[in-house]
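So the chains spell out like this:
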Amino acid sequence: MFFRFATANSGFIYQDSLKRVYIYAIFNYFITKSNIIMEFKDTKLINFLRSFSVKELIEFENYLEFSYRKAGRNLVPFLKILKKFYPEFSSPDFTEQVIIKKLNPGKSLNVKKDKDTLRTLSSSLMKAVEDFICMSNLDKDKVLKNRILLGEMLERNLAKHFKQYVKTAEEDLMEDEKNNTYNILENYHLEKLNSGYFLSVSDFDNFILQNYKSLEFISAQFWIELLNVAKLTLLSQDVRSKPLKNDLFENLINFSDLEKISQIYEGTKYSLKLRFNYYIYKSLKNNRDMEHFKSARKEFFENKKSISRKEKNYFYSDLINILHGQAITHLHGVKEELFFILKSCLEDKAYKLSEKEFMNQNFYRMVILTSNSLKEFEWAEMFIDKYTAELSPQMRDNMLNYSKALVFYGKAEYEKSLNFVSKINYDQVFFKTDVKILMLRIYYELDLYEQALYLADSFKHNIKKSKVLNRNSLEGHNNYLKYYIKLFKLKNDPDINSKNEADMFKNQIKDEVNLIQRSWLIENADLIISKLEN
């Protein structure tokens, strides 16, 4: 399972998402001779404005007022027209023609001239949006602001004031690291600026010492990045039939003694991250072996009190990536360990980077699946009641209905489960495979054979067309559908309903190399065998 469960900036990547949407296509629409015309609501400018909060939009208008006084270009009237369609910009009236009329009230239209004017205004406003985003974020980022200021001081031969400002920069960086992560690269940049200062005052001993320090930071960052890429490469093999290759990466990873390298940095602030990443990499490299997993887990839990919420997000995701691999989920104690890690993550509020973010739907789904598989139904219901509101609004109803259906299925209340699963908006749901598998299970328990046949056939055709399932995943799904139908027949067909047939069927499932839902199939085969024995 390949995932990070926080949102955009954290990069919490998830194999389930990767399987479903492995390649994201970003389309640019152009006004061309072939008459491919972009609607105004889909332009880059509107996409950026759509992303603004109410507060940001107010601040942006104030920024434009200031820019107008400074540069003489008044874009405020144009923005005020666009604001009327905020935040969705989806009204049927939001068209080029309507905007042009609002820009030129009471005037006759000149199509070419007016469209050229609209494009010019849009281009100017887009440039203002870009500048505003950079300026407003720079104002919030003290660390980056200090780095720019220190660099300018050296460029302007203001070295005599450098020590005063570098002290502030060091304090701000320390404060930032309390709430975020230990920023190795910013420490590197700060040491390089220090070395530049000592060179400017001809203090060559300190100049060399500062370069040693900056080397320590940049080299540690390099090894951490190498281990991160190595982990991603191994995780990507879960969803790719043909692994990605890069000669530089292969040579670096093959000719480096990563264990000894991680020992070089013992006692530094980043030694924990290096050791942890090394153990995770080794676990993945050795088919998710639990010894290296336990070492990584020990490193994290013994030190997590000193780790920021943002940093914990990354540590937890790596631990979960190991435990959620299909190769080990059937092993004794793995699901229990995963459940413990997920609960700990919830207690630490490390499932998202900040309070303002939504809970990732994949993390939510994993919690429900894991608790349900361990029959922790009461806890699962508590989780649903407490955390569903933390999902993004467009996800809540579907996830709620799916989760309720799953819990009621686990409690053998199949009619209630079917009722909730029927409420899922199938066109909007991102985990269609999960829903179909749950429906097949419900049909099996309610003896709805014809419905099961129809759904299984539809399921088979859909996965055949899938562009995100690799060959192994496709085979695993097809085998499941084959054995599911056999199981259904074995349950109800008196011509084949014998203990010998059931035993043979169970052995086939055990021996099948590539198969999803193996545990469920074996569990139900055992029930049939037990019934026949009695």
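Residues numbered from 1 in each chain as written. Predicted model: local features only at pLDDT ≥ 70, side-chain atom pairs only at ≥ 80, totals over all residues. Heavy atoms only, no water.

K.L.:
Please give an account of the overall build of the protein that cites residues and values.
P.N.:
Tallying secondary structure elements over the protein gives 25 helices and zero strands in all. The buried share of the protein, reckoned over its 534 residues, is 44%. Of the contacts made within the protein by residues no fewer than 6 positions apart, 64% connect residues no fewer than 24 positions apart. On the protein, roughly 30,300 Å² of surface is accessible, and the fraction owed to carbon and sulfur atoms is 52%. (Helix = DSSP H or I, 4+ residues; strand = E, 2+ residues; numbered from the N terminus. Buried < 20%, exposed > 50% of the residue type's maximum accessible area, 1.4 Å probe, protein only. Contact = heavy atoms within 4.5 Å. Areas by Shrake-Rupley, 256 points an atom, 1.4 Å probe, with all protein chains shown as cover.)

K.L.:
Residue-level account of the packing of aromatic side chains, with values.
P.N.:
For the structure on display, the rule yields 38 aromatic pairs. Here Tyr63 and Phe132 contribute two aromatic rings whose centre-to-centre distance is 5.6 Å and whose plane-to-plane angle is 55 degrees, an arrangement assigned as tilted. Remark: Phe132 occurs in helix H6 (residues 111–140) and Tyr63 occurs in helix H3 (residues 54–71); sequence separation between them is 69 residues. Assessed through its relative accessible area of 22%, Tyr63 is described here as partly exposed. A ring pair is formed by Phe300 and Tyr316, whose centres lie 4.8 Å apart and whose planes are at 80 degrees; its orientation type is edge-to-face. Placement of the pair is Phe300 in helix H14 (residues 290–303) and Tyr316 in helix H15 (residues 309–323), with a sequence separation of 16 residues. By relative accessible area, which is 0% here, Tyr316 ends up buried. Here the aromatic residues Phe339, Tyr351, Phe363, Tyr364, Trp379, Phe383 and Tyr387 are joined through ring pairs into a cluster of three or more. Between Lys423 and the ring centre of Phe420, over which it is positioned, the NZ or CZ distance is 4.8 Å. (Phe/Tyr/Trp six-rings, centres within 6.5 Å; stacked < 30°, edge-to-face > 60°. Lys NZ or Arg CZ within 6 Å of the ring centre and 35° of its normal.)

K.L.:
Any details on empty space enclosed by the protein? Residues and values, ideally.
P.N.:
Tallied over the entire structure, the rule returns one cavity of 30 Å³ or more. Empty space within the largest cavity amounts to approximately 70 Å³. What lines the largest cavity is simply Val143, Asn146, Arg147, Leu150, Ala169, Leu173, Glu186, His189, Leu190 and Leu193. Elements represented by at least two residues in the lining of the largest cavity include exactly helix H7 (142–155), helix H8 (162–179) and helix H9 (184–200). Class assignment of the residues belonging to the lining of the largest cavity gives a composition of six nonpolar, two polar and two charged. (1 Å grid on protein atoms, 1.4 Å probe; cavity = no way out; pocket = protein on both sides within 12 Å on 5 of 7 lines; lining within 4 Å. Points joined across faces, edges and corners; volume = space filled by probe spheres on them. Nonpolar A, V, L, I, M, F, W, Y, C, P; charged D, E, K, R; others polar.)

K.L.:
For helix H22 (residues 449–465), give the residues involved together with the corresponding values.
P.N.:
With 17 residues, H22 extends 25 Å from end C-alpha to end C-alpha; this agrees with the ideal 24 Å at 1.5 Å per step. When we look at burial in H22, the residues that qualify are Ala452, Leu455, Ala456, Phe459 and Ile463. On an axial view of H22, the arc spanned by its buried residues comes to 105 degrees, and they lie on one face. Summarising the geometry of H22, the exposed residues directed more than 90 degrees from the buried face are Glu450, Tyr454, Lys464 and Lys465. (Expected span 1.5 Å × (residues − 1). Arc of directions from axis to C-beta.)

K.L.:
Can you lay out a nonpolar patch on the surface for me, pointing to particular residues and giving the numbers?
P.N.:
On the surface, Leu185, Leu215 and Ile218 cluster together to form a nonpolar patch covering roughly 240 Å² of accessible area. Within the secondary structure, Ile218 sits in helix H10 (residues 204–236). (Patch = residues over 30% accessible without salt bridge, like charges linked within 9 Å, V, L, I, M, F, W, Y side chains within 5 Å. Salt bridge = Lys/Arg side-chain N within 4 Å of Asp/Glu carboxyl O.)

K.L.:
An account of the nonpolar core is requested, with residue identities and associated values reported.
P.N.:
Buried together is how nonpolar side chains tend to be arranged in soluble globular proteins. Ranked by size, the top nonpolar core spans 103 residues in total, and within it Tyr270, Met359, Phe363, Phe383, Tyr480 and Tyr484 carry the most contacts. The dominant element in this core, judged by the number of residues it contributes, is H10, at nine residues. The next biggest cluster of nonpolar side chains, apart from the first, holds 25 residues, and it includes Phe85, Phe89, Met126 and Val129. (Core = buried A, V, L, I, M, F, W, Y, C linked by side-chain atoms within 4.5 Å.)

K.L.:
Tell me about the packing of helix H4 (residues 76–83) against helix H5 (residues 96–103), and please be specific about residues and values.
P.N.:
Following both chains from N to C, one finds H4 and H5 inclined at 135 degrees, their axes separated by 10 Å at the closest point. Judged by the angle between their axes, H4 and H5 are oblique. Crossing hand, H4 versus H5: right-handed. For the pair H4 and H5, the contacting residues are Phe78, Ile81 and Leu82 in the first and Ile99, Lys102 and Leu103 in the second. Tallied by class, residues from the contact of H4 with H5 come to five nonpolar, no polar and one charged. (Axes fitted to C-alpha atoms, helices over the stretch in contact; angles between N-to-C directions. Parallel < 35°, antiparallel > 145°, perpendicular 65-115°, else oblique. Left-handed = near helix turned anticlockwise from the far one by under 90°.)

K.L.:
Summarise the environment of Ser136; cite the residues concerned and give the values.
P.N.:
Checked against the element boundaries, Ser136 lands in helix H6. Here Ser136 falls in the buried class, since its relative accessible area comes to 17%. Spatially, the C-alpha atom of Ser136 lies 9.2 Å from that of Glu56, the residues being 80 residues apart in sequence.

K.L.:
Give a description of helix H20 (residues 414–421) that names residues and reports values.
P.N.:
For H20, the full list of buried residues reads Tyr414, Ser417, Phe420 and Val421. Looking straight down H20, one finds that the buried residues subtend no more than 120 degrees of arc, so they occupy a single side. Where the residues of H20 are buried, they touch helix H19 (393–410) and helix H21 (432–445).

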